[in-house]
Protein chains: 2
Amino acid sequence: MKKEKEIFNQFLSRKNLRATPQRDLVLDVFLTREDHITAEQLYDVVKKNDPSIGQATIYRFLKLMLDAGLAREVDFGDGVMRYEGSYNHPHHDHLICRGCGKTIEVVDSVIEELQRRVAESFGFELTDHEMYLYGLCEVCRKK
Amino acid sequence: MKKEKEIFNQFLSRKNLRATPQRDLVLDVFLTREDHITAEQLYDVVKKNDPSIGQATIYRFLKLMLDAGLAREVDFGDGVMRYEGSYNHPHHDHLICRGCGKTIEVVDSVIEELQRRVAESFGFELTDHEMYLYGLCEVCRKK
DNA sequence: TTGTTAATGATAATCATTATCATCACATGA
DNA sequence: TCATGTGATGATAATGATTATCATTAACAA
């Protein structure tokens, strides 16, 4: 069994929540995805395996994943929240092409350190941050 | 007359749009604000001066301001868009307290340069970015 | 097996924002 | 001055993602 499933089940029992076939299925589908996914996209794929599932179950599942620390929200500012697995997938930021929407995960430890320092210089203790770099990828630039 | 009003009126005539008392009033109110403001907050203040104004006019006005380059959108991820004046108010990022919601404008030229480099290293030409630093301010940390 | 209570699916509600549309009022030309 | 074309307005409906509600179903511990 995948480690994430183990953690998720531990999380459920710790919170006195129940393991259900729906949660199992949605988690399976979620784990097949490499990158971020919207609730709707997840719903569409899950429906192929079980057309009787409701989308409320998807949204509830995603909340649980956040709570369990197994997923993160990604907000590209287009009005739809995306979710990405966070197990064995450390923090990173996103580089997004304004042309084709392609996204690349990036991380720069110097930037991270500077962010902490900037926060500290204002008396803040940094808890987290969001950084989205928008630009044009090589392909889109040539058009 | 404030420079922003001059620019806004030039923008209107260039686009064959009309100067109206409503736009005048909303712009006046908008310019009194130092920091960012939501459409609803702007609407509430404007209503005190002219209760007959509709909120659609507020939203339309904000779109025009973006178009004219006189305002920027700020998205703190709480489902409400905020707007800040951009005339004589260069780019900056935001440091937000998770405790009390206080925001501080920050800018770090080294981070900006590194962002450009990160993008370039993936073949991207950086057009813009969003960076939100979340933490706890000095006051909230003591609680 | 049963009883408790969480989970589900359908659907209504929410909330910010956008679209629609009838009416109004600028600005230009006669 | 007045007519006219068209942009602007305000009221309201629509949208779209997400959340709440609720009757019914199903885990799971005893």
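Calculation criteria
- Residues numbered from 1 in each chain as written.
- Chains lettered and ligands numbered in written order.
- Predicted model: local features only at pLDDT ≥ 70, side-chain atom pairs only at ≥ 80, totals over all residues.
- Heavy atoms only, no water.
- Least-squares fit on C-alpha atoms with pLDDT ≥ 70 in both.
- Contact = heavy atoms within 4.5 Å.
- Core = buried A, V, L, I, M, F, W, Y, C linked by side-chain atoms within 4.5 Å.
- Buried < 20%, exposed > 50% of the residue type's maximum accessible area, 1.4 Å probe, protein only.
- Helix = DSSP H or I, 4+ residues; strand = E, 2+ residues; numbered from the N terminus.
- Near = heavy atom within 4 Å.
- Polar contact = N/O pair within 3.5 Å; in protein donor to acceptor, adjacent residues only side chain to side chain.
- Nonpolar A, V, L, I, M, F, W, Y, C, P; charged D, E, K, R; others polar.
- Domains from an automatic or database assignment.
- Buried area = accessible area lost by both parts, 1.4 Å probe.
- Salt bridge = Lys/Arg side-chain N within 4 Å of Asp/Glu carboxyl O.

Let us now look at the relation of the copies chain A and chain B. By a simple turn and slide, chain A fits onto chain B: the slide is 0.0 Å along the axis, the RMSD is 0.1 Å, and the turn is 180°. Accordingly, the operation relating the two chain copies is best matched by a two-fold axis. For chain A, the minimum C-alpha distance to the rotation axis belongs to Met131(A) and amounts to 2.2 Å. Taken as a fraction of all interface residues of chain A, those also at the interface in chain B reach 100%, which identifies the copy contact as same-surface.

Attention shifts here to the nonpolar core. In this structure, Leu95(A), Ile111(A), Phe124(A), Leu95(B), Ile111(B) and Phe124(B) are the most contacted members of the largest nonpolar core, which totals 26 residues. Secondary-structure elements contributing two or more residues to this core are strand E4 (93-97), strand E5 (103-106), helix H5 (109-121) and strand E6 (125-136) of chain A together with strand E4 (93-97), strand E5 (103-106), helix H5 (109-121) and strand E6 (125-136) of chain B. Apart from residues no more than four positions distant in its own chain, Phe124(A) is found in contact with Ala119(A), Leu95(B), Ile96(B), Cys97(B), Lys102(B), Ile104(B), Gly135(B), Leu136(B), Cys137(B) and Arg141(B).

The subject of this paragraph is the protein's contact with DNA strand C. As a structural note, the neighbourhood of DNA strand C is formed by 19 residues, with Thr20(A), Arg23(A), Thr57(A), Arg60(A) and Met81(B) the closest of them. Sugar plus phosphate, as a fraction of atoms of DNA strand C within 4 Å of the protein: 68%. A distance of 3.4 Å separates a base oxygen of DNA strand C from a polar atom in the side chain of Arg18(B). A distance of 2.9 Å separates a phosphate oxygen of DNA strand C from a polar atom in the side chain of Tyr59(B). Elements represented by at least two residues in the surface near DNA strand C include exactly helix H2 (21-32) and helix H4 (55-67) of chain A together with helix H4 (55-67) of chain B. Of the residues in the surface near DNA strand C, the class split is six nonpolar, seven polar and six charged.

Turning our attention to the domain arrangement of chain A. Residue and element names in this part refer to chain A. What the domain assignment lists for chain A is domain 1 (3-85) and domain 2 (93-141). Here the C-alpha centre of domain 2 lies 25 Å away from the C-alpha centre of domain 1. The interface is formed by five residues belonging to domain 1 together with seven residues belonging to domain 2. Interface area, domain 1 with domain 2, both sides summed: about 470 Å², of which 49% is carbon and sulfur. Joining domain 1 to domain 2, the criterion identifies zero salt bridges. For the pair domain 1 and domain 2, the number of links is three residue pairs in polar contact (both at pLDDT 80 or more). Partitioning the side of domain 1 that touches domain 2 into residue classes produces two nonpolar, one polar and two charged.

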